[in-house]
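So the chains spell out like this:
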There are 10 protein chains.
Amino acid sequence: MEFLVRIDVALPPELPAARRAELLAAEREHGLALRRSGAIERIWRLPGGLRNVGVWVADDATQLHELICGLPLHPWAQIEVTALATHPLEAGG
Amino acid sequence: MEFLVRIDVALPPELPAARRAELLAAEREHGLALRRSGAIERIWRLPGGLRNVGVWVADDATQLHELICGLPLHPWAQIEVTALATHPLEAGG
Amino acid sequence: MEFLVRIDVALPPELPAARRAELLAAEREHGLALRRSGAIERIWRLPGGLRNVGVWVADDATQLHELICGLPLHPWAQIEVTALATHPLEAGG
Amino acid sequence: MEFLVRIDVALPPELPAARRAELLAAEREHGLALRRSGAIERIWRLPGGLRNVGVWVADDATQLHELICGLPLHPWAQIEVTALATHPLEAGG
Amino acid sequence: MEFLVRIDVALPPELPAARRAELLAAEREHGLALRRSGAIERIWRLPGGLRNVGVWVADDATQLHELICGLPLHPWAQIEVTALATHPLEAGG
Amino acid sequence: MEFLVRIDVALPPELPAARRAELLAAEREHGLALRRSGAIERIWRLPGGLRNVGVWVADDATQLHELICGLPLHPWAQIEVTALATHPLEAGG
Amino acid sequence: MEFLVRIDVALPPELPAARRAELLAAEREHGLALRRSGAIERIWRLPGGLRNVGVWVADDATQLHELICGLPLHPWAQIEVTALATHPLEAGG
Amino acid sequence: MEFLVRIDVALPPELPAARRAELLAAEREHGLALRRSGAIERIWRLPGGLRNVGVWVADDATQLHELICGLPLHPWAQIEVTALATHPLEAGG
Amino acid sequence: MEFLVRIDVALPPELPAARRAELLAAEREHGLALRRSGAIERIWRLPGGLRNVGVWVADDATQLHELICGLPLHPWAQIEVTALATHPLEAGG
Amino acid sequence: MEFLVRIDVALPPELPAARRAELLAAEREHGLALRRSGAIERIWRLPGGLRNVGVWVADDATQLHELICGLPLHPWAQIEVTALATHPLEAGG
């Protein structure tokens, strides 16, 4: 099933640069793995902040939850999940 | 998959009584069928208006959409759908 | 440029069935054309109503505006447009 | 009486792992007890965060308040309570 | 059980005066009956419009729903229901 | 004059237990005094948190302000004040 | 007592010009009378629409309600009332 | 003084085409005059609907109000006005 | 030009009493100066918190900005500014 | 492409003055550079706080994102981005 997932991350402004870089690198690695696995089908940056919107694929909401909670930046994130249905324009015919 | 579905119906106040009764009866029949099929697992009235919240079961959001759109009162309804994941407290053990 | 476009359509509940069918058919034809042209890259149904979210591609917001306003159901629609930037996870590497 | 209770928990991101695990374990134990007692009739995870929605049963709102305030994670929680009435579709007949 | 019930009524501005007077009179009669029965324990006017907030007493939300839906102005009303618990300051001692 | 006053208190989750108990006791004493003086006519707990809604009586909003600001938990509180008018159903006759 | 009252009027766009002029004239007359009586102490236009914010004076919210409901445009108006207390900067000294 | 003015126009979907065209033409003429007079300094289309945001120049909010209310589409418009101050980056130096 | 300015101040609950008193005294002095200069024409306390609404007078929004930013409590304040136009009822005649 | 960008900065109230001055100076320098480069076409102060609204020019949302994230005050900022289309009144003719 496909889900639209919006993630807004708010890292503390005065977080030491090293810690910030470490977290962002871990998030990137984790994200690339999710991309390779197909869990993140598409993802876009919402301009202006550490926030994105993406199309995630999971068997159901339970698996989606585990995938999202695995993100290193999850503790600093506000997450919005919207269930997506197939649109007639993509149902072919 | 389970979904929490909130339905708020706003029928025109001066709708002829007969038409209102006809619509409500059709809605009731349709609802009972969805209950019998298991599509509506649980449903509660939100006190004060023609509105309810229910736990619906569907293969995915696409099937859920068709189920909801079949409701006779659908044209007068505001619908809110929330995907539900299994909670650890219900995952047994 | 890519845009996330949400479209919520509210047709009058008591719209004559023929008129409704005619509008929906015209919307479908128009949508298929936009799909073929690549203007609508992906589109999903938001379960529960005549509403969708899609990824549209246009040179800029001016062209996007013309594309959206051409939709037959546009007069009955609430439209939300979000500009999308490339996410590092899709920037390759 | 049945209540729909939504609980959103926001634990400090940099809470020491041991303290976090201790709190989550206590919450789980407490939750299982409420499940066994029937106070929590059904409960679902809202995917993406430490948040859930559940159907709680209590004599009235006063007893519900005490049940909710007993949760170990209560000090970090935003709670939303909605009174539920019996829906005609569940009233039998 | 006690409930805080807010009722905002929006009658059509150009409703014929006679029809408006008839509805308001019926609402008043019905309200007085609910006052006499104790269903409406206290009620206040929210200054500026045909809107009020009141403390209603019912066995549970199901009975509350029936009481509210019986109001003649119900079809034109937006209703907000909040479950009330006993406050320690009223629990005596 | 009567006012509907909603008070939502957010104490820091990791406030030392002794300090929390001390504040809650002081709030209770202060509340009882306001009840005895008639300043708080009625008060209910909003289930799920340290929050309440009450009917306060004061000569005017200026006196109400002083009464509310005297609450020991005031520094941690979000306060919402609504002016209440007499409802025809309570105006007798 | 002083109240801050915001009034947003939404007249039907295609209201016949004569009827519109008649209503606006009646509103103006009524407003001038309230100004002369001191009920409306100050009033400002919120630029861009048929909307204003004003400082009204009434014995209490009950009298304020009657004053506001007497406005000819009341049936088309959204009204927001805020109780005002004396500010230390105006309390003299 | 400069103001940021957002205008969202909602014309009835089934407004006769001729009437719609007539209104839009009148709005265009009026807008061009405001552009020539400098009252509208800059204006952009918000993609997806009959809505815009613009920088208007007026002596004060009173003159701005008259300018906006003169727009032919004003009766169908929702207007949002934000006062703009000079930013240090534009204050030269 | 006149502006309606709402100021909501949120001082940290556990701010040392002396520091709080010092800030409030400085704010009061500054406020009295603004009252004497006519910059603050009228100001009211919004009952229940350290918040007020006032009518400020400034040449334009740029001057208003400087006046507001000079307030000692400004760093802890949420500020809402609304431009005010002259209302016909105050335009004389 | 043009974007309307709103930036609301919330610096900690008790930030040491030197650190605050250092950040504001860096932000000013960076802003002047963006003005000189044409990235910030116009910018206004929203009176009452460290907040502005501006018209930014970038090839697309991806470039806009990089420009905004380069601002020294970015870690303390809430950013809102709105895509702007050309309005017929500016399309010449």
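Residues numbered from 1 in each chain as written. Chains lettered and ligands numbered in written order. Predicted model: local features only at pLDDT ≥ 70, side-chain atom pairs only at ≥ 80, totals over all residues. Heavy atoms only, no water.

In plain terms, the rule: UniProt positions are given in the numbering used here, feature names are shortened, and annotations may be inferred rather than shown by experiment.
For chain A, the name recorded in an unreviewed UniProt entry is Muconolactone Delta-isomerase, with Conexibacter arvalis as its organism. Recorded in UniProt for chain A, the comment headed Sequence similarities (unreviewed entry) runs: "Belongs to the muconolactone Delta-isomerase family." The heading Pathway (unreviewed entry) in the UniProt record of chain A holds the text "Aromatic compound metabolism; beta-ketoadipate pathway; 5-oxo-4,5-dihydro-2-furylacetate from catechol: step 3/3."

1. Some details on the overall build of chain A
Quick reminder of the rule: Elements are defined by DSSP. Helices are runs of H or I of four residues or more, strands are runs of E of two residues or more, and each kind is numbered from the N terminus. The classification of residues rests on relative accessible area computed with a 1.4 Å probe and restricted to protein chains. Under 20% of the type maximum is buried, over 50% is exposed, and intermediate values are partly exposed. Throughout, the Shrake-Rupley method with a 1.4 Å probe supplies accessible areas, and for residues the shown protein chains are the sole cover considered.
Of the regular secondary structure elements, chain A holds two helices and four strands. Its helices and strands taken in sequence order, chain A reads β-α-β-β-α-β from the N to the C terminus. Principal axes of the C-alpha set define a box for chain A whose edges measure 55 × 25 × 20 Å. Split into buried and exposed, the 93 residues of chain A put 51% on the buried side. Per element, the accessible surface of chain A, about 4000 Å² overall, is 54% carbon and sulfur.

2. Concerning the pattern of salt bridges
This is how it is decided: Throughout this description, the term salt bridge denotes a Lys or Arg side-chain nitrogen within 4 Å of a carboxyl oxygen of Asp or Glu.
If you walk through the whole model with that rule in mind, you get 70 salt bridges over all chains. Notably, a salt bridge pairs Glu22(G) with Arg19(G), separated by 3.5 Å at the nearest N-O pair. Of this pair, Glu22(G) and Arg19(G) are both found in helix H1 (residues 17–37), three residues apart, which corresponds to roughly one turn of the helix. The exposure class assigned to Glu22(G) is partly exposed, which follows from its relative accessible area of 49%. Through salt bridges that share partners, Glu2(A), Glu41(A), Glu90(A), Arg35(C) and Arg42(C) make up one connected network.

3. Comments concerning the relation of the copies chain C and chain A
So the rule is basically this: Least squares is the method used to superpose the copies, on C-alpha atoms of residues holding a pLDDT of at least 70 in both. Should any heavy atoms of two residues lie within 4.5 Å, those residues are considered in contact.
Expressed as a screw transformation, the operator carrying chain C onto chain A has a rotation angle of 180° and an axial translation of 0.0 Å, and the superposed copies differ by an RMSD of 0.0 Å. With respect to symmetry, the two chain copies, as superposed, fit the operation of a two-fold axis. A shared binding surface is used by both copies, with 100% of the interface residues of chain C retained as interface residues in chain A.

4. Examining the relation of the copies chain B and chain D
Structural alignment of chain B on chain D gives an RMSD of 0.0 Å, achieved by rotating through 180° and translating 0.0 Å along the axis. Comparing interface residues between copies, 100% of those in chain B also lie at the interface in chain D; the contact surface is shared.

5. Things to note about the interface of chain B and chain D
Note the threshold: By convention, the term buried area covers the 1.4 Å-probe accessible surface removed from two parts as they join, with the contributions of both added. Identification of polar contacts relies on pairs of N or O atoms within 3.5 Å, with a donor-acceptor requirement for protein atoms, meaning one able to donate a hydrogen and the other able to accept it, and with residues adjacent in sequence counted only if both atoms are side-chain atoms. Ten residues, namely Ala, Val, Leu, Ile, Met, Phe, Trp, Tyr, Cys and Pro, are considered nonpolar, four, namely Asp, Glu, Lys and Arg, are considered charged, and the remaining ones, Gly among them, are considered polar. Two strands qualify as a pair provided that DSSP identifies no fewer than 2 bridges between them.
Contact residues are listed per partner, giving 28 residues for chain B and 28 residues for chain D. Taken over both partners, the interface formed by chain B and chain D buries close to 2600 Å², and the fraction arising from carbon and sulfur atoms is 59%. Of all residues in chain B, the largest losses of buried area upon contact with chain D belong to Trp44(B), Leu89(B) and Glu90(B), amounting jointly to 27% of the total for that side. Taken together, the connections running from chain B to chain D amount to eight salt bridges. At the junction of chain B and chain D, the tally comes to 16 residue pairs in polar contact (both at pLDDT 80 or more). Secondary structure elements with two or more residues in the side of chain B that touches chain D: strand E1 (2–9), helix H1 (17–37), strand E2 (40–45), strand E3 (51–57) and strand E4 (77–86) of chain B. Per-element tally for the side of chain B that touches chain D: the top contributor is E2(B), with six residues. Here the side of chain B that touches chain D is composed, by residue class, of 14 nonpolar, seven polar and seven charged. Direction of pairing for E4(B) relative to strand E2 (residues 40–45) of chain D: antiparallel, over a ladder of two bridges. Counterpart to Thr86(B) in the pairing with E2(D) is Trp44(D).

6. Describing the interface of chain C and chain A
Listed per partner, the contact involves 28 residues of chain C and 28 residues of chain A. The three residues of chain C that bury the most area against chain A are Trp44(C), Leu89(C) and Glu90(C), which together make up 27% of that side's buried surface. On the surface where chain C and chain A come into contact, there are eight salt bridges. Close ionic contact of Arg42(C) with Glu90(A) constitutes a salt bridge, the shortest N to O distance being 2.8 Å. The interface formed by chain C and chain A holds 16 residue pairs in polar contact (both at pLDDT 80 or more) in total. Tallying contributions element by element places strand E2 (residues 40–45) of chain C first for the side of chain C that touches chain A, with six residues. A breakdown of the residues in the side of chain C that touches chain A according to their chemical character gives 14 nonpolar, seven polar and seven charged.

7. Points about the nonpolar core
Defined as follows: Only buried residues count toward a nonpolar core, which is a set of Ala, Val, Leu, Ile, Met, Phe, Trp, Tyr and Cys residues joined through side-chain atoms within 4.5 Å.
In terms of nonpolar packing, the biggest core is built from 53 residues, with Phe3(F), Trp56(F), Phe3(G) and Trp56(G) touching the most fellow members. If we ignore the near neighbours within four places in the chain, the residues touching Trp56(G) are Met1(G), Glu2(G), Phe3(G), Val5(G), Ile7(G), Leu34(G), Ala39(G), Ile40(G), Leu64(G), Leu67(G), Ile68(G) and Leu71(G).

8. Comments concerning helix H2 (residues 61–69) of chain E
Residue and element names in this part refer to chain E. Our working definition: To be clear, the arc concerns the directions from the helix axis to the C-beta atoms.
Residues of H2 that are buried include every one of Ala61, Thr62, Leu64, His65 and Ile68, and no others. Seen from one end, H2 has its buried residues packed into an arc of 160°, which puts them on one side. Between the side-chain oxygen at the start of H2 and the backbone nitrogen of threonine 62 there is a gap of 3.0 Å, and the oxygen is on aspartate 60.

9. Quick word on the pairing of strand E2 (residues 40–45) of chain G
Residues and elements named next belong to chain G. Where burial is concerned, most of E2 is hidden: five out of the six residues are buried. In the sheet, E2 pairs with strand E3 (residues 51–57) via five bridges, with the strands oriented antiparallel. Following the sheet pairing, tryptophan 44 is matched in E3 by valine 53. As consecutive antiparallel partners, E2 and E3 are separated by five residues, and within that stretch glycine 48 has a phi angle of approximately 110°, a positive value.

10. Quick word on the arrangement of the chains
Across all C-alpha pairs, the smallest distance from chain B to chain H is 17 Å, and the two are not in contact. Where chain E comes nearest to chain J, the C-alpha atoms are still 31 Å apart, and the two do not contact one another.

11. Observations concerning the sheet that holds strand E4 (residues 77–86) of chain F
Stated formally: In this analysis, axes come from line fits to C-alpha atoms, helices being fitted only over the stretch in contact, and the angle between any two N-to-C directions falls in the range 0 to 180 degrees.
Strand order around the closed barrel formed by eight strands is E1(E)-E3(E)-E2(E)-E4(F)-E1(F)-E3(F)-E2(F)-E4(E), with antiparallel pairing between neighbours. Mean inter-strand twist for the sheet, computed between neighbouring axes without regard to direction, equals 35°. Two elements, strand E1 (residues 2–9) of chain E and strand E3 (residues 51–57) of chain E, share seven bridges in a ladder whose sense is antiparallel. Opposite Asp8(E), over in E3(E), you have Arg51(E) as the bridge partner.

12. Notes on the sheet that holds strand E3 (residues 51–57) of chain I
Spatially, the eight strands close up into a barrel ordered E1(G)-E3(G)-E2(G)-E4(I)-E1(I)-E3(I)-E2(I)-E4(G), and their pairing is antiparallel. Between one strand and the next, the sheet's axes are offset by a mean angle of 35°, whatever the strand orientation. Across the face of the sheet, H1(G) comes into contact with E2 and E3 of chain G while running at roughly 135° to E2(G). Packing against the sheet, helix H1 (residues 17–37) of chain I makes contact with strand E2 (40–45) and E3 of chain I, and its axis sits at approximately 135° to E2(I).

13. A word on the side chain of His74(D)
With respect to the helices and strands, His74(D) occurs in the loop between helix H2 (61–69) and strand E4 (77–86). The buried category is assigned to His74(D), whose relative accessible area is 15%. At 2.7 Å, the side chain of His74(D) and the backbone oxygen of Gly48(F) are in polar contact.

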